[in-house]
Structures are given as structure tokens and as C-alpha cells.
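# Examining the three-dimensional arrangement
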Amino acid sequence: MFETRSGEKLLETDPADMPPDGHVVFIGRIASPWTTRETCPKNMKAARETGKPAVLTIDLPYREGLLGLERASHVIILSWLHHAPRTLIVQKPRHAAEPKGVFSLRSPARPNPVGLHIAKLVALDIETGRIDLDAIDLLDGTPVIDIKPYFASTDAFADATIAGRDEVGPVRDEPGQVMR
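Residues numbered from 1 in each chain as written. Predicted model: local features only at pLDDT ≥ 70, side-chain atom pairs only at ≥ 80, totals over all residues. Heavy atoms only, no water.

### Things to note about the overall build of the chain
Using the following cut-off: Think of it this way: any DSSP run of H or I at least four residues long counts as a helix, any run of E at least two long counts as a strand, and we number them from the N terminus. Contacts were defined at the residue level, with two residues in contact if any of their heavy atoms lie within 4.5 Å. Each accessible area is a Shrake-Rupley estimate made with a 1.4 Å probe; only the visible protein chains count as cover when residues are assessed. This count recognises Lys and Arg as positive and Asp and Glu as negative, with His and chain-terminal groups excluded. Here the site of a charge means atom NZ of a Lys, CZ of an Arg, CG of an Asp or CD of a Glu.
Check the secondary structure of the chain and you find 2 helices and 11 strands. If you list the helices and strands of the chain from N to C, you get β-β-α-β-β-β-β-β-β-β-α-β-β. Oriented by its inertia axes, the alpha-carbon framework of the chain measures out at about 50 × 40 × 35 Å. In the chain, of all internal contacts separated by at least 6 residues, the share reaching a separation of at least 24 is 75%. Carbon and sulfur atoms make up 55% of the accessible area of the chain, which totals about 11900 Å². Here the chain carries 22 positive and 25 negative side-chain charges, and the mean point of each set is 4 Å from the other.

In C-alpha cells:
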């Protein structure tokens, strides 16, 4: 599902083979129209443009945790990208001239393949654990590890940028250091 490109580097040990140091549990799964990586939208903007909704079903033991979520217009979903490789530490995106470290990218291939998605909450049924979403950029059956309400007042930063990504960003003297 993931091919290795020139300039990429792998970890010496696959994190999936290491002893667990946390007890992450899956609380539900996504039902989406996407069954292959090739057909799945690359991001939430592209997913919304398809006009295809998705459903997140929360497992029975966790459904009471949905109480009060109906107040939110949007939700943050943390998913476990279970098909992604976990050993790729330096990647060479198709669109990039140079390889980049995994933590500077939003690729699913990473030591802990956690996905972050902000979706519009269309409907919620606590009894069945069904959450209807406007869209999702996940494969059908992807496990979900958490849901949080999205607060535009604290979660959005109008001045956030990524230099070199069709955005005007702050001037940087050195990587990671913003010059004002």
C-alpha cells in the first residue's frame, strides 16, 4: 500500500513490534464510501468536495460519553490509521523536491498512525452510538480512538501558516525559529 521512494529512511525497529507503553482502545469505527487508498480523499477539504457523508459508530461501552456532544456543530475525530506503515521516519512526498521528517508532514505513515479529522456533526443518536458526519477522509472500517468537540474560539488560528505551501508565512531565520 506504501512504496518506498528515493531519499526516504526507515526506523530500525517497527513500533508495532515494541512492547506497548499505553493502553489505547478503539471506541468505534468509521463507515465511509472509501475502500481503497487510491479512492480515499487525501484530506478533509477533498472529502467535503465529494459530497459523500460518513458515519461513526461508537461501541456500546462508550456511548454514554456522547452525552452533551449534540451541542457541538463540529467534532475532532482521532483515528488509528491501521493500514499505514509505522517504520517510515523520513518521507519523500510526490509533490516535494526534498525528503521531510514525518513530524513535518500529515502523511498517515508515522510511528503512531493517529489521524486528526474535523468534521461537521450532522446527527447524533446516543442510544445506537451513531454519529452522522458531513464527510471523512478515512477508509471504511478505520478504528476511532477519541472524539472531542471542536471550539472555533480556541482551536482555530487565523494566522497559522506553513511556509512554502501556497501560504504567506512568517520569515524564519532558522528552522523552527520565527523572526518577527
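### A word on the nonpolar core
This is how it is decided: Here the nonpolar core consists of buried residues drawn from Ala, Val, Leu, Ile, Met, Phe, Trp, Tyr and Cys, with membership extended through side-chain atoms lying within 4.5 Å. Only protein chains enter the calculation, and the probe is 1.4 Å; a residue is then buried if its accessible area is under 20% of its type maximum, exposed if over 50%, and partly exposed in between.
Within the largest apolar cluster, 21 residues are counted, with the highest numbers of intra-cluster contacts made by Leu56, Leu69, Ile77, Ile131, Leu133, Ile136 and Ile147. Looking at this core, the elements with two or more residues in it are strand 3 (54-58), strand 4 (74-80), strand 7 (114-125), strand 8 (130-133) and strand 9 (143-149). Leave out the neighbours within four places in its chain, and Leu133 touches Ile30, Pro53, Ala54, Leu56, Val75, Ile77, Ala119, Lys120 and Val122.

### Considering the sheet that holds strand 1 (residues 9-10)
In plain terms, the rule: Note on pairing: DSSP must find at least two bridges between two strands before they are called paired.
Pairing is antiparallel in the open sheet, where 3 strands are placed in the order 1-5-6. With partners counted over all chains shown, the strands left at the sheet margins are strand 1 and strand 6 (100-101), one partner each. By the bridge criterion, 2 bridges tie strand 5 (residues 88-91) to strand 6 in an arrangement that is antiparallel. The partner of Gln91 across the bridge, within strand 6, is Lys100.

### Some words on the environment of Arg63
Inclusion rule: Two N or O atoms form a polar contact when they lie within 3.5 Å of each other; inside protein one atom must be a possible hydrogen donor and the other a possible acceptor, and for residues adjacent in sequence the pair counts only when both atoms belong to side chains.
Within the fold, Arg63 resides in the loop between strand 3 and strand 4. Residues Arg63 and Thr128, 65 residues apart in the sequence, show an inter-C-alpha distance of 7.8 Å. Discounting residues that sit within four places of it in the chain, Arg63 has contacts with Thr57, Ile58, Ile126, Glu127, Thr128 and Gly129. Within polar-contact distance, the side chain of Arg63 engages the backbone oxygen of Thr128 at 3.1 Å.

### Overview of the sheet that holds strand 2 (residues 28-31)
Here is the rule: Every angle, taken between N-to-C directions, lies between 0 and 180 degrees, and every axis is a line fitted to C-alpha atoms, over only the stretch in contact when it is a helix.
Judged by pairing direction, the barrel is antiparallel, and its 6 strands sit side by side in the order 2-3-8-7-4-9 before closing back on the first. Strand-to-strand twist of the sheet, defined as the mean angle between neighbouring strand axes without regard to direction, takes the value 45 degrees. The sheet contact formed by strand 2 and strand 3 spans 4 bridges and is antiparallel. Within strand 3, the residue paired with Ala31 across the bridge is Val55.

### Regarding the pattern of salt bridges
For the record, the criterion: When a carboxyl oxygen of Asp or Glu is within 4 Å of a side-chain nitrogen of Lys or Arg, the pair counts as a salt bridge.
Evaluation of the coordinates by the stated rule reveals 4 salt bridges. The salt bridge partner of Arg130 is Asp132, with a shortest N-O separation of 2.9 Å. Using a relative accessible area of 39% as the deciding quantity, one classes Arg130 as partly exposed. In this structure Asp132 comes out as buried when scored by relative accessible area, which is 18%. Close ionic contact of Lys148 with Asp146 constitutes a salt bridge, the shortest N to O distance being 3.4 Å. Given a relative accessible area of 27%, Asp146 falls into the partly exposed group.

### Quick look at the environment of Asp125
With respect to the secondary-structure elements, Asp125 resides in strand 7. Taking C-alpha positions, Asp125 is 15 Å from Pro61, a pair spaced 64 residues apart along the chain.

### Side note on the side chain of Thr142
Inspection of the secondary structure puts Thr142 in the loop between strand 8 and strand 9. At a separation of 2.6 Å, a polar atom in the side chain of Thr142 contacts the main-chain carbonyl oxygen of Leu139. In this structure Thr142 touches Gly28, Arg29, Ile30, Ser79, Trp80 and His82, once residues within four positions along its chain are discounted.

### Some remarks on the pairing of strand 3
Across the 5 residues of strand 3, 4 count as buried, placing the element largely inside the fold. Pairing geometry for strand 3 and strand 8, over 4 bridges, is antiparallel. From the neighbouring strand, Thr57 faces strand 8, where its bridge partner is Arg130.

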